[in-house]
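Okay, here's what each chain looks like letter by letter:
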Amino acid sequence: MLEKVKGFNGDRVIEEFEALTKEAERVQRETLQRILEENGAAEYLQNLGLGGKTDPDSFKACVPLVTHKDLEPYIQRIADGDALPILTGRPIKSISLRAHPIGNGKALQFIYSSKQFRTKGGLLATTATTNVYLSQSYRNTMKDIQSQCCSPEEVIFSLDYNQSLYCHLLCGLICSEEVQFVFSTFAHSIVHAFRTFEQVWEDLCCDIREGVLSSRITIPSIRSAVSRLLRPNPQLADTIYSKCVSLSSWYGLIPELWPNAKYVYGIMTGSMEPYLSKLRHYAANLPLMSADYGSSEGWIGANIDPEEPPESATFTVLPNIGYFEFIPLKERGHEQKVENCASIIRHREPEPIGLTEVNVGEEYEVIITTFAGLYRYRLGDVVKIAGFHNSTPKLQFVHRRNLILTVNIDKNTEKDLQLAVEEASKLLAVEKVEVLDFTSHVDMSTDPGHYVIFWELSSNAREEVLSNCCDCLDRAFIDAGYVGSRKVRAIGPLELRIVNSGTFHKILEHYVSLGAALNQFKTPRCVGLSNCSVLQILNSSVLKSIFSNAYC
Ligand code: AMP
């Protein structure tokens, strides 16, 4: 259990959580009532004819389900100066940490703030994670649970991702003895951080040896903040240097360099699963703790069994944090054909049910209504009910709902793509080559259309091996619609395009330049024609293109 520390009492949090989850149904009704009362004056609600009613049935009858697209006009109006309540962050008082109590120390956190900007109407806008890092209560909680970031604030709020990352690594090394855990919002940032470490470790050692910050850091505020922490420390530099040269392929890098770290923490489920094997490689025997399930709209569930491996992580819904509904998706036939647009509904869907009405083993799409956003928001996530904790369900994240790859009657999801890539990338192991990142595209410019998979590899692989990978990818999509269409040539051979090293980093930078949040960045797993800039980055980086010989 967490030690009782100033302002944050771990035992109390757990007690409250137990009490709330025992009476999930009542808590849900009361939460809905509070959300509707607090937001009763909002124009959005007034227009829906609820007439002050706050019970679940009236709510469901009057308030429509919405996707992000439906909300865009409202968001625009708010940006123009209408002061309705809109997406805000909530401080994370995660209880995931209870399995691994930490002592006095710090956290090596790869966190970055995204741009804050003033909208036309004068509102300060930024992303949920940035709001969280900015909030005083988050900072106080982190201090209270002894999880302060090693890096000064100037590093987190620098807006230059590469300079921030270098300094996070440097500050982490300077406090290497104190670091209790390693964290990033999403696991891919941790993997990216250590891949970068592999490139820059000698420069980091040099900075520590000389006590002078590398000239690659050019932003004055970061230079002065980090320089204040640097003293010439040849002994530490030697230790780091000899540890680095003794590692084999960087296996166990984290426990070697941060000997008191107790775990690695971040979101590791869903679209983060492809990064787990590399993360395990860096973490060796350190536990990987999958962080909670949340969204910009609000927190959803806590991982109360953090000792479980990320592949079987579940999230216990917090019934007082929002009002939750679930659309049953009994079978895959219910999946909509949605080409990246969740609002086009072609099938009649079952009615959403309440939090305590879900059944174990079944899959649902999640709808949330929160204090920050009072609309009934379709998250687009599919979850499976793994069980119950008291009377509140434990959710297992399955995948994003949108079908991402479809030419005709075939339906493949993000998860199907991930499994296909996992299967095919096993063939690269003999070459000691890894898939660093991947995405996909449906190319309809050929007749018939075909799937294109983009891979960025850690180094070159032989043509013959790549050709086997390509066949394997094609066969790994086992959806009956795909297999049938491939056999009758209604879908053309799958194409594997190998892209230059650094291509996915360019994609990340592209999104960041548009104001996307680094902490919340998830590689798009399917790039549609409408996303021309990303498609352009990918297509201009192709080194090799291989077509599958499967189904010949
Ligand atoms: P955002 O819209 O950037 O706030 O991201 C919210 C989305 O991130 C969710 O709808 C999920 O698809 C994804 N996400 C958040 N937490 C998790 C988690 N623990 N596991 C898998 N996906 C997650």
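Since this is a predicted model, take the numbers as computed values, not measurements. (Residues numbered from 1 in each chain as written. Predicted model: local features only at pLDDT ≥ 70, side-chain atom pairs only at ≥ 80, totals over all residues. Heavy atoms only, no water.)

### Section: the site of the ligand
- Not every one of the 16 residues close to the ligand is listed here, only the nearest: Thr269, Gly294, Ser296, Asp381 and Arg400.
- Within the backbone of glycine 294, a nitrogen or oxygen atom sits 3.5 Å from a nitrogen atom of the ligand.
- Note that an oxygen atom of the ligand is positioned 2.7 Å from one of the side-chain N or O atoms of aspartate 381.
- Elements that contribute at least two residues to the shell around the ligand include exactly strand E11 (293–295), strand E17 (376–389) and strand E18 (392–400).
- Of the residues forming the shell around the ligand, the biggest block, 3 residues, is contributed by E11.
- For the shell around the ligand, a count of residues per class yields 6 nonpolar, 6 polar and 4 charged.
- Counting contributing residues, the shell around the ligand receives three or more from each of domain 1 (8–93 + 312–331 + 351–400) and domain 2 (107–291). (Near = heavy atom within 4 Å. Polar contact = N/O pair within 3.5 Å; in protein donor to acceptor, adjacent residues only side chain to side chain. Helix = DSSP H or I, 4+ residues; strand = E, 2+ residues; numbered from the N terminus. Nonpolar A, V, L, I, M, F, W, Y, C, P; charged D, E, K, R; others polar. Domains from an automatic or database assignment.)

### Comments concerning the environment of proline 328
- Within the secondary structure, proline 328 sits in strand E14 (residues 322–328).
- Considering only alpha carbons, one finds proline 328 and tyrosine 364, 36 residues apart in sequence, at a separation of 4.5 Å.
- When near neighbours in sequence (up to four residues on either side) are disregarded, proline 328 contacts Pro350, Glu351, Pro352, Glu363 and Tyr364. (Contact = heavy atoms within 4.5 Å.)

### Regarding the sheet that holds strand E8 (residues 179–186)
- With respect to topology, 5 strands assemble into an open sheet ordered E7-E4-E8-E9-E10, the strand pairing being parallel. Edge strands, defined here as strands with exactly one partner in the open sheet, are strand E7 (148–149) and strand E10 (288–290).
- As paired strands, strand E9 (residues 263–267) and E10 are joined by 3 bridges and run parallel to one another. Of the residues in E10, the one forming a bridge with glycine 266 is serine 290.
- Packing against the sheet, helix H14 (residues 276–283) makes contact with E9 and E10, and its axis sits at approximately 140° to E10. (Pairing = 2+ DSSP bridges. Axes fitted to C-alpha atoms, helices over the stretch in contact; angles between N-to-C directions.)

### Re the pattern of salt bridges
- Scanning the entire structure with this criterion turns up 18 salt bridges.
- Linking glutamate 311 and arginine 280 is a salt bridge whose minimum nitrogen-to-oxygen distance equals 3.0 Å. Of this pair, glutamate 311 sits in the loop between strand E12 (298–302) and strand E13 (315–317) while arginine 280 sits in helix H14, placing them 31 residues apart in sequence.
- For glutamate 311, a relative accessible area of 39% corresponds to the partly exposed category. (Salt bridge = Lys/Arg side-chain N within 4 Å of Asp/Glu carboxyl O. Buried < 20%, exposed > 50% of the residue type's maximum accessible area, 1.4 Å probe, protein only.)

### Digging into the state of the cysteines
- What the rule picks out here adds up to 0 disulfides.
- Cysteine 171 forms no disulfide, and the closest cysteine sulfur to it belongs to cysteine 167, at a distance of 6.0 Å.
- Just so you know, cysteine 469 is unpaired, no disulfide at all, and the nearest cysteine sulfur is the one on cysteine 472, 7.0 Å from it.
- Using a relative accessible area of 0% as the deciding quantity, one classes cysteine 469 as buried. (Disulfide = S-S within 2.5 Å.)

### Notes on helix H11 (residues 220–227)
- What H11 keeps buried is the set Ile222, Ala225 and Val226. Taken down its axis, H11 places every buried residue within 90° of arc, on the same side. (Arc of directions from axis to C-beta.)

### Side note on the packing of helix H9 (residues 161–174) against helix H10 (residues 187–210)
- The contact between H9 and H10 brings their axes to 9 Å, and the two run at 65°. Note that H9 runs across H10; the crossing there is right-handed. Contacts from Tyr161, Leu165, Tyr166, Leu169, Leu170 and Leu173 of H9 reach H10 at His192, Ala193, Phe194, Thr196, Phe197, Val200, Asp203, Leu204, Asp207 and Ile208.
- Taken together, the residues of the contact of H9 with H10 sort by class into 12 nonpolar, 2 polar and 2 charged. (Left-handed = near helix turned anticlockwise from the far one by under 90°.)

### Quick word on the sheet that holds strand E22 (residues 450–457)
- One open sheet accounts for 4 strands, arranged E21-E22-E23-E24; its pairing is mixed. The sheet terminates laterally at strand E21 (435–443) and strand E24 (542–547), the two strands that pair on one side only. The sheet shows a mean angle of 20° between the axes of neighbouring strands, taken without regard to direction.
- Examined bridge by bridge, strand E23 (residues 495–499) and E24 share 5 bridges and lie antiparallel to one another. From the neighbouring strand, isoleucine 498 faces E24, where its bridge partner is lysine 544.
- Along the sheet face, helix H15 (residues 414–425) touches E21 and E22 and points at about 125° away from the line of E21.

### Topic: the packing of aromatic side chains
- In this structure the tally under the stated criterion is 21 aromatic pairs.
- Summarising the aromatic geometry, the rings of tryptophan 201 and tryptophan 250 are spaced 5.8 Å apart at their centres and angled 70° between planes, so their arrangement reads as edge-to-face. Pair noted here: tryptophan 201 is in helix H10 and tryptophan 250 is in the loop between helix H12 (234–246) and helix H13 (253–257), with a separation of 49 residues, a long-range link.
- The buried category is assigned to tryptophan 250, whose relative accessible area is 14%.
- With a centroid separation of 6.2 Å and an interplanar angle of 90°, the aromatic rings of tyrosine 263 and tyrosine 265 are classed as edge-to-face.
- For tyrosine 263, a relative accessible area of 0% corresponds to the buried category.
- Accessibility expressed as a relative area gives 7% for tyrosine 265, which makes it buried.
- Members of the aromatic cluster, connected to one another through ring pairs, are Phe110, Phe194, Phe197, Trp201, Tyr241, Trp250, Trp258 and Tyr282.
- For the cation-ring pair, arginine 475 lies above tyrosine 551, with the distance from its terminal atom to the ring centre recorded as 4.8 Å.
- Just above the ring of phenylalanine 438 sits the side chain of arginine 525; from NZ or CZ to the centre is 4.1 Å. (Phe/Tyr/Trp six-rings, centres within 6.5 Å; stacked < 30°, edge-to-face > 60°. Lys NZ or Arg CZ within 6 Å of the ring centre and 35° of its normal.)

### Things to note about unusual backbone geometry
- Cis geometry marks the peptide bond from aspartate 447 to proline 448; its omega dihedral reads 0°.
- Along the polypeptide, proline 448 turns up in the loop between E21 and E22.
- A positive phi angle is found at asparagine 390, which is not glycine, with a value near 50°.
- With respect to the helices, strands and loops of the structure, asparagine 390 is situated in the loop between E17 and E18.
- Even without glycine at this site, arginine 489 takes up a positive phi of about 60°.

### Here we look at the environment of serine 391
- Positionally, serine 391 belongs in the loop between E17 and E18.
- Distance in space between the C-alpha atoms of serine 391 and leucine 355 is 9.1 Å, their sequence separation being 36 residues.
- Sequence-distant contacts of serine 391, that is, excluding residues within four places in its chain, are made with Thr21, Lys22, Glu23, Ala24 and Thr356.

### Some words on the side chain of aspartate 474
- By the secondary structure assignment, aspartate 474 is in helix H16 (residues 463–476).
- Looking at aspartate 474, the relative accessible area reads 0%, which means it is buried.
- With sequence-adjacent residues up to four places away left out, aspartate 474 is seen in contact with Tyr482, Arg486, Pro493, Leu494, Ser548, Ala550 and Tyr551.

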